[in-house]
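The primary structure of each chain is shown beneath.
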Amino acid sequence: MDNVDSDDNSDSDNDRPSLAEQRGVDGHVYQPAEDSALLAKAAIGDMTAPGRVLEVGTGSGWVAEQVASETDARVVGSDLNPHACRQARERGVEAVRADLVAPFAADGFDAVLFNPPYLPTEPDNEWDDWMEHALSGGTDGRRLIVPFLDDVGRVLTADGAVYLLVSSLTGYEIVVDLAEEAGFETAEVAQESYPFEVLSVLRLTR
Amino acid sequence: MKESLMDILCCPVDKHDLELTVETKDDEEIIEGELTCTECGEAYPIEDGIPNLLPPDMRDEAAA
């Protein structure tokens, strides 16, 4: 994702393009990009014979579809956004409209993937639509990461792993600390550099 | 949703089991129906094959 909070932005708020326009995306659902590809590749390469996989915030369902086609896992995709749930289902992904992992049973999944909305966004620049939900991580970029880490351990099997996409814009070290505070061991399983950010995939295990 | 999804779903509020009521089915998928919490009695709709398991307070305020 592009850094929308660059200090040299001299345009007025009304003139600045929305995140969706900057990303060249249109409509109500986040479409696959570099971060999606990195998450899918890292998780598929790292998992060993997963039985059930959950992708939280599945958006278009692309990552979930990749996992389903490259592994033998049963893959479920969840999203807050009803448009995303429909797109994911049209791709053949089992879709559930959910708030993070709230409606999933304990010990249900061998792996949970999450590419959270992570762009740090000032409150004045927030715009209340589905694409904002998909991109904005609140003022610190970690709006959903904290509640996700609080609850995800519940739905993981004992040997299960979380694959979390983290951008340098969100604060890599801070997210690592948050994950460790939530009781996980962390390992970086993939990293790629882009002009405005470094993307990493963290594996969290207990 | 497939009926086997029931094994990995729970009430988003109190985490108890859900009970499935099927209204319409298409091959192996439930298209319309309802999931009801066996503990608190909250009902969650299944529409167009997608269960809406948002907690009641978020279901109401989330835009369509």
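Residues numbered from 1 in each chain as written. Chains lettered and ligands numbered in written order. Predicted model: local features only at pLDDT ≥ 70, side-chain atom pairs only at ≥ 80, totals over all residues. Heavy atoms only, no water.

In the annotation of an unreviewed UniProt entry, chain B is listed under the name Trm112 family protein and assigned to Halonotius roseus.

An unreviewed UniProt entry annotates chain A as Methyltransferase domain-containing protein originating from Halonotius roseus. One UniProt comment on chain A, placed under Sequence similarities (unreviewed entry), says "Belongs to the eukaryotic/archaeal PrmC-related family." (UniProt positions renumbered as here; feature names shortened; annotations may be inferred.)

Let's talk about the environment of A:Trp130
Mapped onto the elements of the fold, A:Trp130 is located in helix H5 (residues 130–135). For A:Trp130, a relative accessible area of 7% corresponds to the buried category. (Helix = DSSP H or I, 4+ residues; strand = E, 2+ residues; numbered from the N terminus. Buried < 20%, exposed > 50% of the residue type's maximum accessible area, 1.4 Å probe, protein only.)

Focus: the sheet that holds strand S2 (residues 74–79) of chain A
All names here are of chain A. The strand order across the open sheet built from seven strands is S3-S2-S1-S4-S5-S7-S6, with neighbouring strands paired in mixed fashion. The open sheet has two edge strands with one neighbour each: strand S3 (94–97) and strand S6 (185–194). Adjacent strand axes in the sheet meet at a mean angle of 20 degrees, parallel and antiparallel pairs treated alike. Sheet topology places strand S5 (residues 156–167) next to strand S7 (residues 197–205); six bridges connect them, and they run antiparallel. Counted as the bridge partner of Leu165 is Val201 from S7. Relative to S3, helix H4 (residues 82–90) is tilted by about 170 degrees, and along the sheet it contacts S2 and S3. (Pairing = 2+ DSSP bridges. Axes fitted to C-alpha atoms, helices over the stretch in contact; angles between N-to-C directions. Contact = heavy atoms within 4.5 Å.)

Re the pairing of strand S1 (residues 18–26) of chain B
Residues and elements named next belong to chain B. Bridge count for S1 against strand S2 (residues 29–37) is eight bridges, and the pairing is antiparallel. Across the sheet, Thr24 pairs through a bridge with Glu32, a residue of S2. Hairpin connection of S1 to S2: two residues between the antiparallel strands, including Asp27 at a positive phi of 50 degrees.

Focus: a negative patch on the surface
Residue and element names in this part refer to chain A. Taken together, the side chains of Glu173, Asp177, Glu180, Glu181 and Glu185 define an acidic patch exposed on the protein surface. By residue number, the principal contributor to the negative patch is helix H7 (residues 172–181), which donates four residues. For Glu180, a relative accessible area of 42% translates into the label partly exposed. (Patch = residues over 30% accessible without salt bridge, like charges linked within 9 Å, V, L, I, M, F, W, Y side chains within 5 Å. Areas by Shrake-Rupley, 256 points an atom, 1.4 Å probe, with all protein chains shown as cover. Salt bridge = Lys/Arg side-chain N within 4 Å of Asp/Glu carboxyl O. Lys, Arg positive; Asp, Glu negative; His and termini not counted. Charge placed at Lys NZ, Arg CZ, Asp CG, Glu CD.)

Let's talk about the interface of chain A and chain B
Taken together, the contacts link 24 residues of chain A with 24 residues of chain B. Summed over both sides, the interface between chain A and chain B buries roughly 1900 Å², with carbon and sulfur atoms accounting for 61% of that surface. Among the residues chain A hides against chain B, the three largest losses belong to A:Arg89, A:Arg97 and A:Pro103. Together they make up 31% of the total. Counting every contact that joins chain A to chain B gives one salt bridge. (Buried area = accessible area lost by both parts, 1.4 Å probe.)

Remarks on the UniProt feature "domain: Methyltransferase" (unreviewed entry) in chain A
Within this structure's numbering, the places UniProt gives as "domain: Methyltransferase" (unreviewed entry) are residues 53–121 of chain A. Structurally, residues 53–121 of chain A comprises 26% helix and 29% strand, and the distance from its first C-alpha atom to its last is 30 Å.

Quick look at the nonpolar core
What tends to happen in soluble globular proteins is that the nonpolar side chains get buried as a cluster. Counting 40 residues, the largest nonpolar core has A:Phe104, A:Val112, A:Phe148, B:Leu9, B:Leu18 and B:Leu35 as the members making the most contacts within it. Sorting the residues of this core by element identifies strand S1 (52–56), strand S4 (109–114), helix H6 (145–155), S5, H7 and S7 of chain A together with S2 and strand S3 (43–47) of chain B as the ones contributing at least two each. The biggest single contributor to this core is H6(A), with five residues. Excluding residues that lie within four positions of it along the chain, B:Leu18 makes contacts with B:Met6, B:Leu9, B:Cys10, B:Cys11, B:Leu35, B:Thr36, B:Cys37, B:Thr38, B:Tyr44 and B:Leu53. Formed by 32 residues, the second largest nonpolar core is a distinct cluster that contains A:Ala40, A:Ala64, A:Ala73 and A:Val75. (Core = buried A, V, L, I, M, F, W, Y, C linked by side-chain atoms within 4.5 Å.)

Describing the pairing of S6(A)
Along any regular strand, the residues point their side chains to alternate faces of the sheet. Residue and element names in this part refer to chain A. In this sheet, S7 lies alongside S6 in antiparallel orientation, the contact comprising nine bridges. Residue Gln191 lies in a different strand from S7, and its bridge partner there is Ser200. Joining the antiparallel neighbours S6 and S7 is a turn of two residues.

Let's talk about the sheet that holds strand S4 (residues 50–51) of chain B
If you trace the four strands from one edge of the open sheet to the other, you get S1-S2-S3-S4 (chain B), paired in antiparallel fashion. Either end of the sheet is taken by a strand with one partner, and the two such strands are S1 and S4 of chain B.

Some remarks on helix H3 (residues 62–70) of chain A
Residues and elements named next belong to chain A. Within the sequence span of H3, burial applies to Val63, Ala64 and Val67. In an axial view of H3, the angular spread of the buried residues amounts to 100 degrees, which keeps them on one side of the axis. In this fold, the buried residues of H3 make contact with helix H2 (34–46), S1, S2 and S4. (Arc of directions from axis to C-beta.)

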